Amino acid sequence: MNGVKRAGDGEMVTDPFLIGSGLRSLRRRRCLLWAVILLYVPEIWVTLAWTHSGRAALITFYVWFLFLWNTVILVAFTRCPRCRNYYHIKFAFPLYFRHCRHCGLAIDADKRGAL
Ligand SMILES: [Zn+2]
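Residues numbered from 1 in each chain as written. Predicted model: local features only at pLDDT ≥ 70, side-chain atom pairs only at ≥ 80, totals over all residues.

Describing the overall build of the chain
No. 1: The number of helices and strands found in the chain is three helices and zero strands.
No. 2: Each helix (α) and strand (β) of the chain, taken in turn from the N terminus, gives the series α-α-α.
No. 3: A globule of 115 residues ought to have a C-alpha radius of gyration of about 13 Å, yet the chain, at 18 Å, is considerably larger.
No. 4: Overall, the chain is about 55 × 30 × 25 Å in size when its C-alpha atoms are taken along their principal axes.
No. 5: Relative to its full complement of 115 residues, the chain shows a buried share of 14%.
No. 6: Taking as baseline every contact in the chain between residues at least 6 positions apart, the subset at least 24 positions apart corresponds to 41%. (Helix = DSSP H or I, 4+ residues; strand = E, 2+ residues; numbered from the N terminus. Rg over C-alpha atoms; globule rule 2.2 N^0.38 Å. Buried ≥ 20, exposed ≤ 12 C-beta atoms within 10 Å, placed from the backbone. Contact = placed C-beta atoms within 7 Å.)

In structure tokens, the structure reads:
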């Protein structure tokens, strides 16, 4: 494949197009995570305003938490487009920094022309 080498041996993807498309996918996933997080307050507020029911709010919370959990897992296990390791996980826990925890690839490296 063009510019793609096996990961895990310290070799990295070198094709700027592949790295750029991987970073765009990663940014979309992170944006989805923020959207799910920010959805919590209006979702609970609307549920309580419409139903005046704590039970409905609890069910809404469980549904929201299910979406949050899935999105957190989706983002946490996204692979770095350059080194093919997990972008946010280096040891056991994900840390959502804006650079790869292994090779240091910035999340906006394609926008800055730093590839
Ligand atoms: Zn990396």
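A closer look at the nonpolar core
Side chains of nonpolar character tend, in soluble globular proteins, to be buried together.
No. 1: Val13, Ile19, Leu23, Leu26, Cys80, Cys83, Tyr87, Cys100 and Leu105 together form the largest nonpolar core, which totals nine residues.
No. 2: Other than its neighbours up to four places away in sequence, leucine 23 contacts Pro81, Ile107, Ala109 and Asp110. (Core = buried A, V, L, I, M, F, W, Y, C linked by C-beta atoms within 7 Å.)

Here's the deal with the UniProt feature "transmembrane region" (unreviewed entry) in the chain
No. 1: UniProt records the feature "transmembrane region" (unreviewed entry) at residues 31-50 and 56-77, using the numbering of this structure.
No. 2: Secondary structure over residues 31-50 splits into 100% helix and 0% strand, and the C-alpha atoms at its two ends are 28 Å apart.
No. 3: For the annotated span residues 56-77, helix accounts for 95% and strand for 0% of the residues, and the straight-line distance between the end C-alpha atoms is 32 Å. (UniProt positions renumbered as here; feature names shortened; annotations may be inferred.)

What to know about the packing of helix H1 (residues 16-51) against helix H2 (residues 54-76)
No. 1: Close contact between H1 and H2 brings their axes to 10 Å; oriented N to C, the two are set at 180°. Between H1 and H2, the angle falls in the class roughly antiparallel.
No. 2: Considering only residue class, the contact of H1 with H2 consists of 17 nonpolar, four polar and three charged. (Axes fitted to C-alpha atoms, helices over the stretch in contact; angles between N-to-C directions. Parallel < 35°, antiparallel > 145°, perpendicular 65-115°, else oblique. Nonpolar A, V, L, I, M, F, W, Y, C, P; charged D, E, K, R; others polar.)

Observations concerning the environment of tyrosine 62
No. 1: The residue tyrosine 62 is located in helix H2 in this model.
No. 2: We classify tyrosine 62 as exposed; it has 10 C-beta atoms within 10 Å.

Overview of H1
No. 1: Between its terminal C-alpha atoms H1 stretches 51 Å, which fits the 52 Å expected from 36 residues at 1.5 Å a residue.
No. 2: The largest bend along H1 measures about 35° and falls at tyrosine 40, with the proline proline 42 one to four residues further on.
No. 3: Every buried residue of H1 is accounted for by Ile19, Gly22, Leu23, Leu26 and Thr47.
No. 4: Immediately downstream of H1, the backbone of histidine 52 shows phi near 50°, a positive value. (Expected span 1.5 Å × (residues − 1). Bend = angle between axes of the 7 residues up to and from the residue.)

Here we look at the environment of tyrosine 86
No. 1: Checked against the element boundaries, tyrosine 86 lands in the loop between H2 and helix H3 (109-112).
No. 2: Counting along the chain gives ten residues from tyrosine 86 to alanine 76, while the straight-line C-alpha distance between them is 7.3 Å.
No. 3: Ignoring sequence-local partners within four residues, the contact set of tyrosine 86 consists of Phe77 and Arg79.

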